[in-house]
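# Architecture and fold: a report
What follows is each chain in one-letter form.
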Amino acid sequence: MAEAILSTHALSRSFGPLKAVDAVSLNIPRGSITGLIGPNGAGKSTLFNLLTGALKPDAGTVLLDGRDITGDAPNALFAQGIGRTFQIPRPFARMSVLENAMLAPTGQTGETVVGPFLFRSRMRDQERRIRQKALDVLEFVTLAPLADHPAGKISGGQMKLLELARVLMGDPALILLDEPAAGVNPKLTETLIGRIEELNRQGTTFVIIEHDMDFVMRHCEPVIAMAQGSVVFQGTADEAMANPVLLDAYLGATANA
Ligand SMILES: Nc1ncnc2c1ncn2[C@@H]1O[C@H](COP(=O)(O)OP(=O)(O)OP(=O)(O)O)[C@@H](O)[C@H]1O
Ligand SMILES: [Mg+2]
């Protein structure tokens with residue numbers, strides 16, 4: 001079993017009486033593309049929100065590289081190398097694709113106590129660096145030709161690639177993707193998978209929430225399944241496919257076909 005980059009212990013979060021995430025303990029192996037599956041409402045996105053600081057847990061702990069990061073704010077976690085995309089991308093629609101990428105935090109804000117002149121020239125340097133980095137990242141996700149287009153005018157699949165670009169501005173070691181292939185045409189999905197696998201070869205760890213079982217089976221290892229707030233399965237993709245409980249309850253029509 002590979003060492004864990006991220007692990008949770010008895011992580012819990014309720015909304016009123018609903019235990020959306022109920023004592024979840026799991027390990028994300030470093031260097032993996034871990035698949036997180038489960039029916040609608042299982043608690044997958046809520047778990048992501050807990051791991052990225054968007055929501056505070058009621059109980060339990062989250063460790064990143066063995067350090068306790070429970071309850072840390074999103075900016076702090078981003079700076080520590082956790083990037084995430086949202087189930088519904090929300091770019092600034094009237095700003096360009098490039099500007100959207102440039103707005104992502106990069107963790108290079110530099111010193112805060114410098115003289116005004118030095119400060120201005122550093123800001124210019126910094127803006128140049130960020131712009132160049134954003135162009136490089138857009139090139140990587142194949143969006144460079146659309147850099148000057150309003151982000152509100154690109155396709156849903158291109159928005160998912162832009163989400164990935166924004167995440168990459170922070171040089172994350174761990175990227176959480178919430179349904180990256182949902183509503184994306186097959187060609188762009190292939191592009192996205194190609195980029196994910198390239199980053200993974202370079203050492204980036206991924207956790208991917210996905211309903212498309214074909215996607216999960218082909219690209220994710222290990223697979224973790226949640227239902228009603230709990231982890232109900234952890235294993236290889238092949239084991240997931242052979243697990244009768246998963247087949248019946250969680251994989252649905254795809255697996256039964
Ligand atoms: N902010 C919130 N306030 C109240 N209830 C919430 C909130 N966020 C999520 N829930 C509820 O928590 C449960 C888990 O939701 P969550 O979005 O985590 O599920 P999911 O596994 O991501 O589902 P899906 O596959 O449909 O995206 C659901 O019953 C949902 O309605
Ligand atoms: Mg969700």
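It should be noted that the structure appears before, not after, this text.
The structure reproduced in this document is the subject of the present report. Predicted, not measured: the structure shown is a model, and the values here were computed from it. (Residues numbered from 1 in each chain as written. Chains lettered and ligands numbered in written order. Predicted model: local features only at pLDDT ≥ 70, side-chain atom pairs only at ≥ 80, totals over all residues.)

## Describing unusual backbone geometry
In plain terms, the rule: For helices the rule is a DSSP run of H or I covering at least 4 residues; for strands it is a run of E covering at least 2, with both sets numbered from the N terminus onward. Put plainly, a residue is buried at 20 or more neighbouring C-beta atoms within 10 Å of its own, exposed at 12 or fewer, and partly exposed in between, counting only other residues' C-beta atoms, which are placed from the backbone.
Along the chain, Glu-221 connects to Pro-222 via a cis peptide bond; the corresponding omega equals 0°. Note that Pro-222 resides in the loop between α7 (213-219) and β9 (223-227). In this structure, Ala-10 is a non-glycine residue whose phi angle is positive, near 50°. Mapped onto the secondary structure, Ala-10 falls in strand β1 (residues 4-15). Judged by the 12 C-beta atoms lying within 10 Å of it, Ala-10 is exposed. Even without glycine at this site, Asp-65 takes up a positive phi of about 50°. Along the polypeptide, Asp-65 turns up in the loop between β4 (59-64) and β5 (67-68). Since 15 C-beta atoms lie within 10 Å of it, Asp-65 is described here as partly exposed.

## What about the packing of helix α5 (residues 156-168) against helix α6 (residues 186-201)?
Helix packing for two helices is described by the angle between their axes and how far apart those axes are. Stated formally: Fitted lines through C-alpha atoms give the axes, limited to the stretch in contact for helices. The angle between two N-to-C directions lies from 0 to 180 degrees. Orientation labels follow simple angle bins: below 35 degrees gives roughly parallel, above 145 gives roughly antiparallel, 65 to 115 gives roughly perpendicular, and whatever is left gives oblique. Throughout, a crossing is termed right-handed when the near helix is turned clockwise from the far one, and left-handed when it is turned anticlockwise from it by less than a right angle. Whether two residues are in contact is decided by their C-beta atoms, placed from the backbone, lying within 7 Å.
Following both chains from N to C, one finds α5 and α6 inclined at 15°, their axes separated by 9 Å at the closest point. As far as their axial angle goes, α6 and α5 are roughly parallel. By crossing handedness, the relation of α5 to α6 is classed as left-handed. Along its contact with α5, which presents Gly-157, Gln-158, Lys-160, Leu-161 and Leu-164, the element α6 presents Leu-188, Thr-191, Leu-192 and Arg-195.

## Side note on the sheet that holds β1
Sheet strands pair via backbone hydrogen bonds, and the direction of the pair is either parallel or antiparallel. Which entries qualify depends on this criterion: The pairing criterion for strands is at least two bridges between them, as found by DSSP.
Ordered in space as β2-β1-β4-β5, the 4 strands form an open sheet in which the pairing is antiparallel. Sheet topology places β2 (18-29) and β5 at the edges, where each strand pairs with a single neighbour. Each of β1, β2 and β4 is contacted by helix α1 (residues 44-51), which is oriented at about 65° to β2, the strand it contacts most.

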